[in-house]
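Structural characterization, general
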Amino acid sequence: MSAKAWGGRFAEKTDALVERFTESISFDARLAAVDIRGSQAHARMLAKAGLLTDDECRQIVEVLTTIGEEITRGEFVWKIELEDIHMHIESELIRRIGDVGRKLHTGRSRNDQVSTDLKLYVRDAIDELDRLLQDVQLAFVGRCERDADVVLPGYTHLQRAQPVMANHYWLAYCEKFQRDRERLADARKRVNICPLGAAALAGTSLPIDRFETAKLLGFESVAANSLDVSSDRDYLAETIGALALIAVHLSGWAEEWILWCTTEFGFLKLPDAFTTGSSIMPQKRNPDVLELIRGKSARVLADQQQILTLLKGLPLAYNRDLQEDKLAFFDALDTVAASLEIAAPLITRAELRRETIRARIEEGYLDATTLMEYLIQRGVPMRTGHEVVGGLVKLAETRGCQLAELSLEDLRAACDLIEPNVTDALGVDHVVAKLKSFGSGGREAVAERVAAWRERLGVK
Ligand code: ARG
C-alpha cells in the first residue's frame, strides 16, 4: 500500500521534486494547535452522530492532545512526504491507534479542514492584534498628561499651517488605530462562520451535524454553500486588508517621527534603548526602529497584493493555489504584530523637546487663519478677510517680524475693523485657546477628547 493517505489509486511513487514543490509543512506547521482543536471537535461531533463510538472518540481526542503536546515541546519530526500539517497529525494518530485513527477523516476533507484551521487561527490573531492596537492607543493616551501644555505646529503639505495641542497629534493616531480595530472586528464576523463539514466541495452523504462542530469550535454560524466554502478566502483578504491599513498608519506615523527626530525639526528625542548608532560616525543616533516600521510596511502591502492576486481567476472550488495563502498571511501578521509591539514602548518613552519646539513655534504665521476668523467675526466677508490677512503676512515678512509684532496702526491700515483686542487672536497660545469646534486642536476641545479616550480605554 502507498505511504500516502491519498495513494490508493497510484501505481508510481511521488517524485521527490514534486514532494518538495508541493509541501506546505514548512509553513503550515504553525497551524498544529488549531488543526488539533478542529479535529477534536470533529471527532466529538462524529461520536454524537453515531459515526464513532464514544470510546473511539475518547481515544482520538486523547491521542490528539498528546500529539499536540509533543509538537509544542518540539519533539515531533516533520517529514516532507507527509505534505502538510493535516497529514502529519492524522498519520501520527493512525500510527498510534490504527483503525480508530483511520476513522477521524470521516465526513470531511482537507479542503474544509484547512479553512477551519485558518479561520480558528485568524480569529485568535485578530484578538491578539486588537490587544496590540489597544496597547499602542494606551501609549499615546498615556503621554497626554505630561504633554498637556505642549503646542505643536500642524502641517499641510508639510508646511506649517496652524498650531494644535501636541495631544491632538496623539489622539489622531488613536482614531486611526480605532478604525483599524473596528475593521478587524468586522472582518472577524465573517471569519467566525464555520466551514467544517463542507467536505471536499459537495458536502457528504454521511449524517454529520455541522451545527454541532460549529458550536464546539465557538463559531457563530455555519457556512451555507459547500462550493463556496472550499474556495472562500475572503476572510483572509479582508483581514490582510485591515493589516495593510495598520501598516500604512504605522508607516506614516514612523515617517513623521523620523522627521521630528532630525536636527532640522528637533521636536523629538527617542530613548537610547530604542536608537541605534553608526559604525563610523560616533555622534549618530539613528531612528532605525522607526525606519524599519516604515520599511516593513512594504512587505505587508505586497502580502495583501499577493492574496488578492492569488484569488483572482480561481474557478470553484478548491485549487491548490490556495495553499500559498498562508505564506502571505503569516508574513503580514508577524510583521504588523512585531511593529505594533515595538511601537508601544517607543511611543511611551520618546520625549518632546519642549524648548526647541517653544523657541520656534511662533515662526510661520500659524495665527494667520485665526486673525482672518477675527475679521469674519467683525463682519468682514471671509474672502476679503483672507486677502487682508494675506497682505499683513506679506508686510510682516518684509519686516522680518510676526503678526503679533505689527503695530495697531499697521493692522488698522489694512482693515479699520481691527481693534486693540486683536491681540487675543495672535500668537499660538491665543490660537489654541480660540480653536473651539468639536474635534479641533484647541486646548479645551483636546482636553475633552483626552478625557473621552481615557474613559473609552479604561485609564484611571
Ligand atoms: N496543504 C493544503 C492547503 O494548504 C491543504 C489542502 C489540500 N487539499 C487538497 N485537495 N490537496 O491548502
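Here, the structure is the one placed above.
The present account deals with the structure reproduced in this document. (Residues numbered from 1 in each chain as written. Predicted model: local features only at pLDDT ≥ 70, side-chain atom pairs only at ≥ 80, totals over all residues. Heavy atoms only, no water.)

**So, the overall build of the protein**
Formally: Under the DSSP-based scheme used, a helix requires at least four consecutive residues in state H or I and a strand at least two consecutive residues in state E, with every element numbered from the N terminus. Only the C-alpha atoms count toward the radius of gyration. The rule for a globule is 2.2 Å times the residue count to the power 0.38. Exposure is judged per residue with a 1.4 Å probe applied to protein chains only, and the accessible area is read against the type maximum: over 50% gives exposed, under 20% gives buried, and values in between give partly exposed. Any two residues whose heavy atoms approach within 4.5 Å at even a single point are treated as in contact.
Secondary structure assignment for the protein yields 18 helices and six strands. Radius of gyration (C-alpha) of the protein: 30 Å, far over the 23 Å computed for a compact globule of 460 residues. Dimensions of the protein along its principal axes, counting C-alpha atoms only, are 100 × 55 × 45 Å. Split into buried and exposed, the 460 residues of the protein put 48% on the buried side. When contacts within the protein are restricted to residue pairs at least 6 apart in sequence, long-range pairs at least 24 apart make up 75% of them.

**Describing the pairing of strand β2 (residues 159–165)**
Along any regular strand the residues' side chains alternate between the sheet's two faces. Note the threshold: Strands qualify as paired when DSSP identifies two bridges or more between them.
Where strand β1 (residues 151–156) meets β2, six bridges bridge the pair, whose relative direction is antiparallel. Following the sheet pairing, Pro-153 is matched in β2 by Pro-163. Taking the residues between adjacent antiparallel strands as the criterion, β1 and β2 are bridged by two residues, where His-157 takes a positive phi near 55°.

**With respect to the environment of Val-150**
In this structure, Val-150 sits in the loop between α6 (110–143) and β1. In this structure Val-150 comes out as buried when scored by relative accessible area, which is 7%. Excluding anything up to four places from it in sequence, Val-150 contacts Val-164, Met-165, Ala-166, Leu-352, Arg-354 and Ile-357.

**Re unusual backbone geometry**
Ala-317 follows Leu-316 through a cis peptide bond whose omega is 0°. Looking at the element boundaries, Ala-317 is found in the loop between α11 (288–311) and α12 (325–349). A positive phi angle, close to 65°, is found at Glu-83, a residue other than glycine. Mapped onto the elements of the fold, Glu-83 is located in the loop between α4 (54–72) and α5 (85–97). The residue Ala-199 is not glycine, and still its phi comes out positive at about 55°.

**Describing helix α18 (residues 443–456)**
Inclusion rule: Expected span of a helix, by definition, is 1.5 Å for each gap between consecutive residues, and there is one gap fewer than residues. Starting at the helix axis, one direction is taken to each C-beta atom, and the arc is that of these directions.
Look at α18: 20 Å from first C-alpha to last across 14 residues, which is about the 20 Å you get at 1.5 Å a residue. Ala-445, Val-446, Val-450 and Trp-453 are the residues of α18 that are buried. The buried side chains of α18 occupy one side of the element, clustering within an arc of 140° when seen end-on. In α18, the exposed positions angled more than 90 degrees off the buried face are occupied by Glu-444, Glu-448 and Glu-455. Packing partners of the buried residues in α18 comprise α6, β2 and α7 (166–191). Just downstream of α18 lies Gly-458, where phi reads positive at about 70°.

**Focus on the pattern of salt bridges**
Here is the rule: Salt bridge criterion: a side-chain nitrogen from Lys or Arg within 4 Å of a carboxyl oxygen from Asp or Glu.
Under the defined criterion, the tally for this structure stands at 36 salt bridges. Close ionic contact of Asp-186 with Arg-190 constitutes a salt bridge, the shortest N to O distance being 2.6 Å. Here Arg-190 and Asp-186 lie together in helix α7, a separation of four residues that amounts to about one turn. Since its relative accessible area comes to 30%, Asp-186 is described here as partly exposed. Salt-bridge contacts for Arg-399 lead to Asp-410; the nearest nitrogen and oxygen are separated by 2.5 Å. With Arg-399 in helix α15 (residues 382–399) and Asp-410 in helix α16 (residues 408–414), the pair connects residues that are eleven residues apart, well separated along the chain. Taking the relative accessible area as the measure of exposure, Arg-399 reaches 46% and is therefore partly exposed. Sharing partners across several salt bridges, the network here consists of Glu-70, Glu-92, Arg-95 and Arg-96.

**Some remarks on the nonpolar core**
Rules: Residue types Ala, Val, Leu, Ile, Met, Phe, Trp, Tyr and Cys, when buried and joined through side-chain atoms within 4.5 Å, form a set referred to as a nonpolar core.
Ranked by size, the top nonpolar core spans 107 residues in total, and within it Phe-140, Leu-243, Trp-253 and Trp-257 carry the most contacts. Residue contributions to this core peak at 14 residues, all from helix α10 (residues 234–260). Once residues within four sequence positions are removed from consideration, Trp-257 is found in contact with Phe-140, Arg-143, Trp-170, Leu-268, Leu-270, Leu-290, Leu-346, Ile-347 and Ala-350. Ala-368, Val-393, Ala-396 and Leu-403 belong to the second-largest nonpolar core, a separate cluster that totals 21 residues.

**A few points about the site of the ligand**
The line we're drawing: If even one non-hydrogen atom of a residue comes within 4 Å of a molecule or strand, that residue is called near it. Two N or O atoms form a polar contact when they lie within 3.5 Å of each other; inside protein one atom must be a possible hydrogen donor and the other a possible acceptor, and for residues adjacent in sequence the pair counts only when both atoms belong to side chains. Methods summary: accessible areas were calculated by the Shrake-Rupley approach with a probe of 1.4 Å, and residue burial reflects only the protein chains presented. Residue polarity follows a fixed list, in which Ala, Val, Leu, Ile, Met, Phe, Trp, Tyr, Cys and Pro are nonpolar, Asp, Glu, Lys and Arg are charged, and the others, Gly among them, are polar.
In the region of the ligand, the neighbouring residues are Ser-24, Asp-84, His-86, Arg-110, Asn-111, Val-114, Tyr-318, Arg-320, Gln-323 and Lys-326. One of the side-chain nitrogen or oxygen atoms of Ser-24 is found 3.3 Å away from a nitrogen atom of the ligand. Lys-326 is positioned with one of its side-chain polar atoms (N or O) 2.6 Å from an oxygen atom of the ligand. Summarising the interface, the protein chains cover 87% of the accessible area of the ligand, which totals 340 Å² for the free molecule. The element best represented in the shell around the ligand is α6, accounting for three residues. Partitioning the shell around the ligand into residue classes produces two nonpolar, four polar and four charged.

**Re the packing of helix α3 (residues 32–48) against α5**
Test applied: For helices, the axis comes from a line fit to the C-alpha atoms of the stretch in contact; other axes are also lines fit to C-alpha atoms, and the angle between any two N-to-C directions lies between 0 and 180 degrees. Relative orientations are named as follows: roughly parallel for angles under 35 degrees, roughly antiparallel for angles over 145 degrees, roughly perpendicular for angles from 65 to 115 degrees, and oblique for any other angle. Each crossing is labelled by how the near helix is turned from the far one, with a counterclockwise turn of less than a right angle marking it left-handed and a clockwise turn marking it right-handed.
Two numbers describe how α3 lies on α5: the axes approach to 10 Å, and their chain directions differ by 55°. Here α5 runs oblique to α3, going by the angle between their axes. As for the relative orientation of α3 and α5, their crossing is right-handed in sense. Together, Ala-32, Asp-35 and Ile-36 of α3 and Ile-85, His-86 and Ile-89 of α5 make up the contact between the two elements. Across the contact of α3 with α5, the residue classes tally to four nonpolar, one polar and one charged.

**Re a nonpolar patch on the surface**
Stated precisely, the cut-off is as follows: Patch membership needs two things, relative accessible area over 30% and no salt bridge, and members are linked within 9 Å if like-charged or within 5 Å if nonpolar (Val, Leu, Ile, Met, Phe, Trp, Tyr).
Judged by side-chain polarity, Leu-201, Leu-227 and Leu-316 come together as a nonpolar surface patch covering roughly 270 Å² of accessible area. As for its position among the elements, Leu-201 is in the loop between β3 (193–194) and α8 (210–216). Relative accessible area serves as the criterion here: at 41%, Leu-201 is assigned to the partly exposed category.

**Some thoughts on the side chain of Ser-115**
Looking at the secondary structure, you find Ser-115 in helix α6. We classify Ser-115 as buried; its relative accessible area is 1%. Those residues in contact with Ser-115 that lie beyond four places of it in its chain are Pro-195, Val-229, Asp-232, Arg-233 and Tyr-235.

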